[in-house]
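Report on the structure
So the chains spell out like this:
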Amino acid sequence: MQKLNRILILGPESTGKSTLAADLANHFSEPWVPEYAREYLEKIDRSYRFEDLTEIGKGQIFQEDKLAQKAKKFLFCDTDLRVIHIWSEHKYGKTDPWVLEEIQRRKYELILLTDTDLPWEPDPLREYPELEMRQYFFEKYLRLAKESGFPFLIVSGNKESRLQSAVEAIENLGY
């Protein structure tokens, strides 16, 4: 049985994570894991709370593991628990220990960190349209990517150049 290579797409809001995940899945004919937070937040009829972040994290992991069963060689993950950790720390000043433990347990062959050079796209679930805040979060994700020990690449430019750099990085890993 061939090894499954999980590729994590990480970055601030409105930086093209979902687009890149879908484009990579299409390019390699493999599944991608959508951001579960969107689905979860659209279902609740209130603002999210600290406890919701852990539930979102559990839903994200459940979806990732479920879709991993359908993947042959690659699974493209539009976000992971690092996003839950960053949001939790930013908004509540703490992170559920389960989230931190799972971050350490889960492995990715590559992190693709999406840059803030795409224009902001309004969305009722997004909170920080200011470039300064997007850059603030980018720096936090960059720090986590570096600390992860996994190879990572910052992807920037338009949709086509992001896809091209991501495909090259994946192919250069030798998978």
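Scroll up to find the structure.
Residues numbered from 1 in each chain as written. Predicted model: local features only at pLDDT ≥ 70, side-chain atom pairs only at ≥ 80, totals over all residues. Heavy atoms only, no water.

**What to know about the pairing of strand 3 (residues 74-78)**
Among the 5 residues of strand 3, 5 are classified as buried, and the element is accordingly described as predominantly covered. Burial of strand 3 is two-sided: the residues Phe74, Phe76 and Asp78 facing one way and the residues Leu75 and Cys77 facing the other way are all buried. Pairing of strand 2 (residues 32-33) with strand 3 involves 2 bridges; the strand directions are parallel. Bridge pairing in strand 3 places Val33 opposite Cys77. (Buried < 20%, exposed > 50% of the residue type's maximum accessible area, 1.4 Å probe, protein only. Helix = DSSP H or I, 4+ residues; strand = E, 2+ residues; numbered from the N terminus. Pairing = 2+ DSSP bridges.)

**Some points on the packing of aromatic side chains**
Summed over the entire model, instances satisfying the criterion amount to 8 aromatic pairs. On the basis of an interplanar angle of 25° and a centroid distance of 5.0 Å, the ring pair of Trp87 and Phe137 is categorised as stacked. Taken as a pair, Trp87 in helix 4 (residues 81-92) and Phe137 in helix 6 (residues 131-148) lie far apart in primary sequence, 50 residues in all. Taking the centre distance of 6.2 Å and the plane angle of 80° together, the rings of Tyr108 and Phe150 count as edge-to-face. One end of the pair, Tyr108, is in the loop between helix 5 (97-105) and strand 4 (110-114); the other, Phe150, is in the loop between helix 6 and strand 5 (152-155), and 42 residues separate them in sequence. Grouping residues by exposure puts Tyr108 and Phe150 together as buried. Three or more aromatic residues link up through ring pairs in this structure, and these residues are Phe28, Phe74 and Phe76. (Phe/Tyr/Trp six-rings, centres within 6.5 Å; stacked < 30°, edge-to-face > 60°.)

**Quick notes on the pairing of strand 1 (residues 5-10)**
Judged by how many residues are buried, strand 1 sits mostly within the fold: 6 of 6 residues are covered. On strand 1, burial covers both faces: Asn5, Ile7 and Ile9 on one face and Arg6, Leu8 and Leu10 on the other are all buried. As paired elements, strand 1 and strand 4 share 4 bridges and run parallel to each other. The partner of Leu8 across the bridge, within strand 4, is Ile111.

**Quick look at the pattern of salt bridges**
Any two side chains of opposite charge can pair, on the condition that their charged atoms come close. The tally for this structure, following the rule as stated, stands at 13 salt bridges. A salt bridge links Asp23 to Lys159; the nearest nitrogen and oxygen atoms lie 3.9 Å apart. Note that Asp23 is positioned in helix 1 (residues 17-28) and Lys159 in helix 7 (residues 159-172), a separation of 136 residues in sequence. In this structure Asp23 comes out as buried when scored by relative accessible area, which is 17%. The partner of Asp80 in a salt bridge is Arg82, with the nearest N and O atoms 2.4 Å apart. Overlapping salt bridges, with partners in common, bring together Arg6, Glu64, Asp65, Glu102, Arg105 and Arg106 in one network. (Salt bridge = Lys/Arg side-chain N within 4 Å of Asp/Glu carboxyl O.)

**Section: the nonpolar core**
Within the largest apolar cluster, 34 residues are counted, with the highest numbers of intra-cluster contacts made by Leu10, Ile56, Leu75 and Tyr141. Here this core gets 6 residues from one element, more than from any other, and that element is helix 6. If near-sequence neighbours (up to four positions away) are discounted, Tyr141 is found in contact with Leu10, Gly11, Pro12, Arg82, Val83, Ile86, Trp87 and Leu113. (Core = buried A, V, L, I, M, F, W, Y, C linked by side-chain atoms within 4.5 Å. Contact = heavy atoms within 4.5 Å.)

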